[in-house]
Amino acid sequence: MNALLDTIAALRFQLDAGVDEAIGDEPMDWSALSTRARNVAPVTSTGAPPPAAPRPTGTASMAPPRQYAQVTTQTPLQGSDPGPLGAAEAGQSARLAASAAQDLDALKDALAAFEGCALKKTATHLVFGMGSRQARIMLVGEAPGENEDRQGLPFVGPAGKLLDLMLGAIGLDRTADDPTKAVYITNMLPWRPPGNRSPTDGEIAACLPFMARHIELMSPDILIFAGGISAKAMLSRTEGITRLRGRWFDYHSPGLAKPVPSMPMLHPAYLLRNPAAKREAWKDLLALRLRLEGKE
């Protein structure tokens, strides 16, 4: 029984670390391999191992390279199961479910029922959003981390604490009721990728319709995209976050009466790893403050 529990714990550790496929393309029965194939030298009757077979040299000894399919936003990476639905079916299901939601509670229920993203299988909680639903500012992060997954709330770990300090420095607060000071916070993906790995293109594509509808239902005055994943996905840009940050864009969506001014910013987790970048983050916060005051 203890051995079984140890095996389950080891498998769970690998799953949390992001291991989701075997190395080989096909299963291999190692017990059926010859002793030579397993690199074990048999012992002869004289007690000495036989001479080793000559090792092949040249290009003939090289295994052919593996071929990988081209990845697009509609094609999940190999090994990233899109869920019970295929990629095309997941996208269509997400669009239909998201467009049918008429308020945020209905959208959260639709996400909870959605079966087109495999991240749901490994996550502990759905992380939807928090803050006043009348907030002028909506901040969209990337994906939940370990603390967010455990509590079911966005930005509650070390990066969340830094975010609160950053917002407080310009008079904003995610817990404020006053719409002029409040910030509504959510993430591009509502489920934590195993081991905090980066989400695949397929996972982002499956969740994108829900985030687009999330923005439409909030209809904020200003959008902030914290991190490259949300900025590139929602603004349809290819540049990295260090090139996008600090610039204003217009976010368009059919369900919005008008475009929403949007600014990508460096993610607080990035700032924790690169403290020198806080100067750029402070410039972006000041630009946000000026936009709120109508001075930019």
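From a predicted model like this one, the values you see are computed outputs, not experimental measurements. Numbering of residues begins from 1 in every chain and follows the order in which that chain's sequence is written. Per-residue local features are limited, in this predicted model, to residues with pLDDT of at least 70; the limit for side-chain atom pairs, both in listing and counting, is 80 or more; totals at the level of whole chains, interfaces and linings are taken over all residues. Each side-chain value is derived from all of the structure's non-hydrogen atoms; neither hydrogens nor water enter the calculation.

*Asks:* Tell me about helix H7 (residues 201-218), and please be specific about residues and values.
*Replies:* Counting from the N terminus, the helices are the DSSP runs of H or I reaching at least four residues and the strands are the DSSP runs of E reaching at least two. Here, expected helix span is obtained from the residue count minus one, scaled by 1.5 Å. Taking 1.5 Å of rise per residue, 18 residues should cover 26 Å, and H7 covers 25 Å from first to last C-alpha, within 8% of that figure. To get the bend at any residue, fit one axis to the seven residues that end at it and another to the seven that begin at it, then take the angle between the two axes. The principal kink in H7, of about 40°, is found at leucine 208, preceding the proline proline 209 by one to four residues. For every residue, the accessible area (1.4 Å probe, protein chains only) is compared with the maximum for its type, and the residue is labelled buried under 20%, exposed over 50%, or partly exposed between those bounds. Most of H7 is tucked away, with 15 of its 18 residues classed as buried. Where H7 ends, the next residue or the one after it, serine 219, has phi of about 45°, a positive value.

*Asks:* Give me unusual backbone geometry: which residues, what numbers.
*Replies:* Even without being glycine, serine 219 reaches a positive phi, approximately 45°. Within the secondary structure, serine 219 sits in the loop between H7 and strand E4 (222-226). Even without a glycine there, the phi angle at serine 236 is positive, about 55°. The residue serine 236 is located in the loop between helix H8 (228-235) and helix H9 (241-244) in this model.

*Asks:* Mind laying out the environment of alanine 159, listing which residues take part and the relevant values?
*Replies:* The residue alanine 159 is located in helix H6 (residues 158-168) in this model. A relative accessible area of 14% places alanine 159 in the buried class. Counting along the chain gives 110 residues from alanine 159 to alanine 269, while the straight-line C-alpha distance between them is 5.0 Å. Residues are treated as being in contact if the distance between any of their heavy atoms lies within 4.5 Å. Setting aside anything within four residues of it in sequence, one finds alanine 159 in contact with His267, Pro268, Ala269 and Leu272.

*Asks:* Describe in detail the packing of aromatic side chains, supporting the description with residues and values.
*Replies:* Two rings belonging to Phe, Tyr or Trp (six-membered ring only in the last case) form a pair when the distance between their centres is within 6.5 Å. Interplanar angles under 30 degrees mark stacking, angles over 60 mark edge-to-face geometry, and anything in between is tilted. What the rule picks out here adds up to 2 aromatic pairs. Two limits define a charge over a ring: the Lys NZ or Arg CZ must be within 6 Å of the ring centre, and within 35 degrees of the ring normal. The ring of tryptophan 248 has arginine 291 sitting right over it, with the charged end atom 4.2 Å from the ring centre.

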